[in-house]
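Remarks on the overall topology
So the chains spell out like this:
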Amino acid sequence: MLKQFAAALLVVALASFAFAQKNKAPAEKTISGIVTDAAGNPVPGAVVQLENMKTLQIRSFIARDKGDYIFQGLAADVDWQLKAMASGKTSKPRTISTFDTHAEVVVNLQLTE
């Protein structure tokens, strides 16, 4: 009887460990999106800045022909702030929190006056 109880307890412990591993947050994050003007048209050549809110390091990406950008291999345990600039216009800063556990986050940025 004691061996059966111990075996059942071991099975429950292993199952809970496996379940905990599936719900683990990703180690890296990807942030991508499209930069548009006030009319919703893509803005190729816009500069997208991504700031690490822990170290204050800034990375830049120049939006491609369709206004798209991508930042890959980002630490998931850091808050990130994004903004875009082109022709004297900027977007509102957007923050991606560590509480967002998605491995891939899409943030579209719209330039305003």
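Not measured: the values here are computed from a predicted model.

Scoring rules and cut-offs
Residues numbered from 1 in each chain as written. Predicted model: local features only at pLDDT ≥ 70, side-chain atom pairs only at ≥ 80, totals over all residues. Heavy atoms only, no water. Salt bridge = Lys/Arg side-chain N within 4 Å of Asp/Glu carboxyl O. Buried < 20%, exposed > 50% of the residue type's maximum accessible area, 1.4 Å probe, protein only. Helix = DSSP H or I, 4+ residues; strand = E, 2+ residues; numbered from the N terminus. Polar contact = N/O pair within 3.5 Å; in protein donor to acceptor, adjacent residues only side chain to side chain. Phe/Tyr/Trp six-rings, centres within 6.5 Å; stacked < 30°, edge-to-face > 60°. Pairing = 2+ DSSP bridges.

One pass over the structure, following the stated rule, counts one salt bridge. Measuring nitrogen to oxygen at the nearest pair gives 3.1 Å for the salt bridge that ties D68 to R64. The exposure class of R64 is partly exposed, given its relative accessible area of 42%.

Attention now moves to unusual backbone geometry. At L56, a position not held by glycine, the phi torsion is positive, near 65°. Residue position: L56 is located in the loop between β2 (47–52) and β3 (58–62). Overall, the relative accessible area of 55% leaves L56 in the exposed class. Of note, S87 is a non-glycine position whose phi angle comes to about 50°, a positive value. Along the chain, the position of S87 falls in the loop between β5 (80–86) and β6 (89–91).

So, on to the environment of Y69. By secondary structure assignment, the location of Y69 is in strand β4 (residues 68–75). Owing to a relative accessible area of 1%, Y69 belongs among the buried residues under this scheme. Between the C-alpha atom of Y69 and that of G33, which follows or precedes it by 36 residues, the distance is 5.7 Å. Of the polar contacts made by the side chain of Y69, one reaches the backbone oxygen of V107; its length is 2.4 Å.

It is worth spelling out the packing of aromatic side chains at this point. All told, the structure shown has two aromatic pairs when counted by the stated rule. For the ring pair F61 and F71, a centre distance of 6.0 Å and an interplane angle of 65° mean the geometry is edge-to-face. A residue pair is termed long-range when its members are at least 10 positions apart, and F61 in strand β3 and F71 in strand β4 qualify at 10 residues. When its relative accessible area of 5% is taken as the criterion, F71 is described as buried. Aromatic side chains Y69 and F71 sit 5.9 Å apart centroid to centroid with 55° between the ring planes, which places their arrangement in the tilted category. Following the ring pairs from residue to residue traces out a cluster consisting of F61, Y69 and F71.

This next bit is on the pairing of strand β1 (residues 28–36). With seven of nine residues buried, β1 lies mostly within the body of the structure. Here six bridges tie β1 to β4, and the two strands are oriented antiparallel to one another. Note that in β4 the partner of K29 across the bridge is L74. With three bridges joining them, β1 and strand β8 (residues 104–106) adopt parallel strand pairing. Bridging from a neighbouring strand, T30 pairs with E104 of β8. As paired strands, β1 and strand β9 (residues 109–112) are joined by two bridges and run parallel to one another. Directly across from T36, in β9, lies its bridge partner Q110.

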